[in-house]
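# Residue-level structural notes
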Amino acid sequence: MARVLVVYHRAAGGMWRSTYASHLSSFERYSDHDVFYLNTAWPTAPGYLKRLDYDLVIFHYTFLAVRWVPEEFDEHLRRIAFLANKRCPKALVPHDEQIHANSLVRVVNELGVTHVFSPASAHVWAQIYEGADTLDSLEFRTVLTGYVDAETVAATEKRAATHPTRHTDVGYRSWDAFPNFGRHGQLKGDVGRRFAEHAPEYGLVTDISSSRADALLGDSWFDFLLDCRYTIGVEGGSSILDRDGSIAARTREFVARHPDAGFDEVETACFPGIDGSFEYRLLGPRHLEAAMTRTCQVLIEGEYGGALTAGEHYIPLAADFSNLDEVLAMMKADDVRAEMVERAYRDVIASGRWSYETFARELLATCLAGTPAGEGAGARGPAFWLGWNRAGVDRVPAAVERTWLRIRGRARRKISVRDIAVLAIGEERLWRTIVGSRNLARKLTGKSPLAVGDYVPTEAEAARRAARAAKRGQG
């Protein structure tokens, strides 16, 4: 059994999608290892997490995404600088490597990363991580940005029973990618406009929108897919590598001053001659969700992370739309859809090949191969027993940590949840410390502390906790 630390970021009141939680929790759900979670959104790391030795440290994409705000990312790197001295394998699990690539290289160099699990194709790894001191020895693996969650599949099957008939022929939601994603990024909006214009000519009923006001989240998105016979799309990614974010900054400034400028004009002003010098293509969660709901996909032909094959799992569309009429006629005939969606469901969903379980087990096995699990410098702290180390949950209160250390000094037995709650600060006060609310604490008293696993503090609660943490630090 190994000891694994997952470094992630979840700001109080910030956007948090179910796919983030599924991805993060997969390391704990699908292994027998002791998995700890460190949220860099909090001012300080729990002391016991600093004292522990680890067999593996994973830097999650939610943490790495903070690099889009360089000043904030600098602060977060200072908070976890202690990890540089942990002598164990360290894995990077990034998204959107096309922007601020230099910051990813910095993490590799400063924290001693040994493995990179990238959604990019192998031929661009060296281009993205140019400047890494250990580039020749870094171990790369190609992964997807998201995977199939068993619970979501089961829930979707139940929802499907309430949608016996599909009323929309072609459904799609997207928005135009910012110009600094290059011409490849523009395809996301282009494919929607082409179908919105030409699909009605074939008598196809469409529900296509690029307005953020029409965005669909959660269950409403699955209901939408279950009501569509076909959905359209393109691989995510970019055709521009922006090493330091300067291209994005120039583009934002130019577009703000020239809101009606076309892509060619923006290119000339902000990144002349650069578009097309980089090829970053990846499969997004939407493609898996379409397979899950048995919605037939019409996609710009590509690799799709190796999960989808043209002609077998989706109807291929040329990037220049030269076969659009042929594809629309095929959709109108509707004679390949039933077989294609069943094949996609079988190969992508039911097979388990692209599940979170497979992803987590393969990542852990790759990083821990040949590495004996160490005894560590500490032991499971109160956060482990109470579930506070889980993804999306606050750091352990200092009072509980101090009590834990006292208990460890006189008892070697496994400490129960009740022991910690009573010996520390009393159960109701314990809950109030976790959730920041007296009324909610009273409701939760007597319940399992693991029930707070998905609780997200309000901004006011987070501010109070940060102030208390700062005061403790000064003291």
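Quantities reported herein were computed from a predicted structural model and do not represent experimental measurements.

The helix and strand tally for the protein chain stands at 21 helices and 13 strands. Taken across its 475 residues, the protein chain has 52% of its residues classed as buried. Within the protein chain, contacts between residues at least 6 apart in sequence are counted, and of these 75% link residues at least 24 apart.

Turning our eyes to something else, we now look at the packing of aromatic side chains. Under the criterion given, the structure shown has 13 aromatic pairs. Seen from their ring centres, Y8 and Y37 are 6.2 Å apart, and the 85° between their planes marks the pair as edge-to-face. Here Y8, found in strand β1 (residues 3–8), pairs with Y37, found in strand β2 (residues 34–39); they are 29 residues apart in sequence, far enough to count as distant. In this structure, Y8 and Y37 share a single accessibility class: buried. Feature note: the residues F27, Y147, Y356 and F359 constitute an aromatic cluster, connected by ring pairs. Directly above the aromatic system of W175 lies the positively charged group of R212, at a separation of 4.5 Å from the ring centroid. Sitting above the plane of the Y345 ring, R294 keeps its charged end 3.7 Å from the centroid.

Take the confidence of the model for the protein chain next. Within the protein chain, residue pLDDT values average 84, and 79% of them lie at 70 or more. Within the model, pLDDT remains below 50 along residues 421–425, and this stretch shows 12 contacts once partners closer than five positions in the same chain are excluded.

It is worth spelling out the packing of helix α10 (residues 246–257) against helix α11 (residues 263–270) at this point. Viewed as axis vectors pointing N to C, α10 and α11 meet at an angle of 125°, and their least axial separation amounts to 10 Å. Classified by the angle between their axes, α10 and α11 sit oblique to one another. Read as a crossing pair, α10 and α11 show a hand that is right-handed. Residues R250, T251, F254 and V255 of α10 form the contact with α11, whose participating residues are E265, V266, A269 and C270. For the contact of α10 with α11, the per-class residue count stands at five nonpolar, one polar and two charged.

Another point: the packing of helix α9 (residues 219–226) against helix α12 (residues 285–292). Contact pair α9 / α12: the axes reach a minimum separation of 9 Å and the direction vectors enclose 55°. When the axis of α9 is compared with that of α12, the two are oblique. Relative to α12, the crossing made by α9 is right-handed. Taken together, the residues of α12 that come into contact with α9 (itself represented by W221, F222 and L225) are R286, E289, A290 and M292. Taken together, the residues of the contact of α9 with α12 sort by class into five nonpolar, no polar and two charged.

On to unusual backbone geometry. One non-glycine residue with positive phi stands out, namely D96, at about 50°. With respect to the helices and strands, D96 occurs in the loop between β4 (90–92) and α5 (101–111). The partly exposed category is assigned to D96, whose relative accessible area is 35%. The residue D334 is not glycine, and still its phi comes out positive at about 55°. Mapped onto the fold, D334 is located in the loop between α13 (324–333) and α14 (337–350).

What follows deals with the sheet that holds strand β12 (residues 296–300). A sheet is described by the order of its strands in space; here five strands give the open sequence β8-β7-β9-β12-β13, paired in parallel fashion. Of all strands in the sheet, those bounded by a partner on one side alone are β8 (206–209) and β13 (315–317). When strand polarity is set aside, the average angle formed by the axes of neighbouring strands in this sheet is 20°. Note: β12 against β13, three bridges, orientation parallel. Within β13, the residue paired with V298 across the bridge is I315. Against the sheet, α14 touches β9 (228–233), β12 and β13, its axis set at about 85° to β12.

Counting buried positions along strand β7 (residues 168–173) yields six of six residues, so the element is predominantly enclosed. Pairing analysis gives three bridges linking β7 to β9, with the strands arranged parallel. Its bridge partner lying in β9, G171 is registered against T231. Bridge analysis of β7 against β8 gives four bridges, and the strand direction is parallel. Across the sheet, V170 pairs through a bridge with T206, a residue of β8.

All right, on to the sheet that holds strand β3 (residues 56–59) then. Spatially, the six strands line up as an open sheet ordered β2-β1-β3-β4-β5-β6, and their pairing is parallel. Lying at the two open borders of the sheet, with one neighbouring strand each, are β2 and β6 (139–142). Averaged over all pairs of adjacent strands, the angle between strand axes in this sheet comes to 20°, irrespective of strand direction. Sheet topology places β1 next to β2; six bridges connect them, and they run parallel. The residue of β2 that forms the bridge with L5 is F36. Packing of helix α15 (residues 356–368) onto the sheet brings it into contact with β1, β3, β4, β5 (115–118) and β6, and relative to β3 it is tilted by some 130°.

So, about the side chain of S238. Residue placement: S238 occurs in strand β10 (residues 236–238). A distance of 3.1 Å separates a polar atom in the side chain of S238 from the backbone oxygen of F181. Among the polar contacts listed, one links the side chain of S238 to the backbone oxygen of I240, at a separation of 3.0 Å. With sequence-adjacent residues up to four places away left out, S238 is seen in contact with Q98, N180, F181, H184, F278, E279, Y280 and R281.

Rules used throughout
Residues numbered from 1 in each chain as written. Predicted model: local features only at pLDDT ≥ 70, side-chain atom pairs only at ≥ 80, totals over all residues. Heavy atoms only, no water. Helix = DSSP H or I, 4+ residues; strand = E, 2+ residues; numbered from the N terminus. Buried < 20%, exposed > 50% of the residue type's maximum accessible area, 1.4 Å probe, protein only. Contact = heavy atoms within 4.5 Å. Phe/Tyr/Trp six-rings, centres within 6.5 Å; stacked < 30°, edge-to-face > 60°. Lys NZ or Arg CZ within 6 Å of the ring centre and 35° of its normal. pLDDT = per-residue confidence, 0-100. Axes fitted to C-alpha atoms, helices over the stretch in contact; angles between N-to-C directions. Parallel < 35°, antiparallel > 145°, perpendicular 65-115°, else oblique. Left-handed = near helix turned anticlockwise from the far one by under 90°. Nonpolar A, V, L, I, M, F, W, Y, C, P; charged D, E, K, R; others polar. Pairing = 2+ DSSP bridges. Polar contact = N/O pair within 3.5 Å; in protein donor to acceptor, adjacent residues only side chain to side chain.

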